[in-house]
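Survey of secondary and tertiary structure
Below are the chains, spelled out letter by letter.
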Amino acid sequence: ITSRSPLTDLVEWRGSRYHELDVDDLGKRSAQTLLRKLGVHGGTVAMNMLVKEYGLHALTLDLLGRLLVEYCNGDPARSRELPPLELAVGSGSVDKQVERLTRVLRAYEVRLDAVELDVLQYLSVFRRPVSFSLLKDVVVHVNQKLGRTERNRPEERDLKTCLHALVDRRLVNLETTESEEFYS
């Protein structure tokens, strides 16, 4: 089982029936390999700079690498274009790694188009994965409430294209069954 959250239902079996394995932080070499496999260019010095700046958190590095490849031609030096940490908003108790991830996500926020940002907002309302059909209904309902004309709201195929682009960027998860797609 993989999970970002503690599995509270299994607490009584921890250590005897299952063992936790924290995979959030990569080793330095693994972090560099991940960035290279995603298409980030540069030698050891450039990769060390990214690892020093963004840490070894797997999700942060995955999203950072994809962002650099898609929007910066894989150039690690362009990571300087991301909002500085002091502009990343968080409470005083937020640790440095959350701030680093926030910095990467903020860079996506300024690069994604309005429909992609809307879809991310709609998905954030749901605690669990939501079916495409329900998400489509939410989009239609919200757009009607906002008075958006047919020209200003995505058609079903555009919504599907948008979702798959967000999945490709790993900003959204996709789970499929025989009859339906679920997004989170």
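Residues numbered from 1 in each chain as written. Predicted model: local features only at pLDDT ≥ 70, side-chain atom pairs only at ≥ 80, totals over all residues. Heavy atoms only, no water.

To continue, consider the layout of surface pockets. Remark: the empty space left among the atoms is shown by a probe the size of a water molecule rolled over them. Reported here for the second largest pocket is a volume of approximately 620 Å³. Counting only elements with at least two residues in the lining of the second largest pocket, the list comes to α3 (58-72), α4 (96-111) and α5 (114-124). With five residues, the top contributor of residues to the lining of the second largest pocket is α5. When its residues are assigned to classes, the lining of the second largest pocket shows 14 nonpolar, four polar and five charged. (1 Å grid on protein atoms, 1.4 Å probe; cavity = no way out; pocket = protein on both sides within 12 Å on 5 of 7 lines; lining within 4 Å. Points joined across faces, edges and corners; volume = space filled by probe spheres on them. Helix = DSSP H or I, 4+ residues; strand = E, 2+ residues; numbered from the N terminus. Nonpolar A, V, L, I, M, F, W, Y, C, P; charged D, E, K, R; others polar.)

Before going further, it helps to examine the environment of R169. As for its position among the elements, R169 is in the loop between α7 (156-168) and β2 (174-176). Judged by its relative accessible area of 9%, R169 is buried. C-alpha separation for the pair R169 and L63, spaced 106 residues apart in sequence, amounts to 7.1 Å. Those residues in contact with R169 that lie beyond four places of it in its chain are L63, R66, E70, Y71, Y108, L112 and E116. (Buried < 20%, exposed > 50% of the residue type's maximum accessible area, 1.4 Å probe, protein only. Contact = heavy atoms within 4.5 Å.)

On to the packing of aromatic side chains, then. Tallied over the entire structure, the rule returns one aromatic pair. When the centroid spacing of 6.3 Å and the interplanar angle of 80° are considered together, the rings of Y71 and Y108 count as edge-to-face. With Y71 in helix α3 and Y108 in helix α4, the pair connects residues that are 37 residues apart, well separated along the chain. A cation over an aromatic ring shows up here: K160 above the ring of F132, its NZ or CZ 4.1 Å from the ring centre. (Phe/Tyr/Trp six-rings, centres within 6.5 Å; stacked < 30°, edge-to-face > 60°. Lys NZ or Arg CZ within 6 Å of the ring centre and 35° of its normal.)

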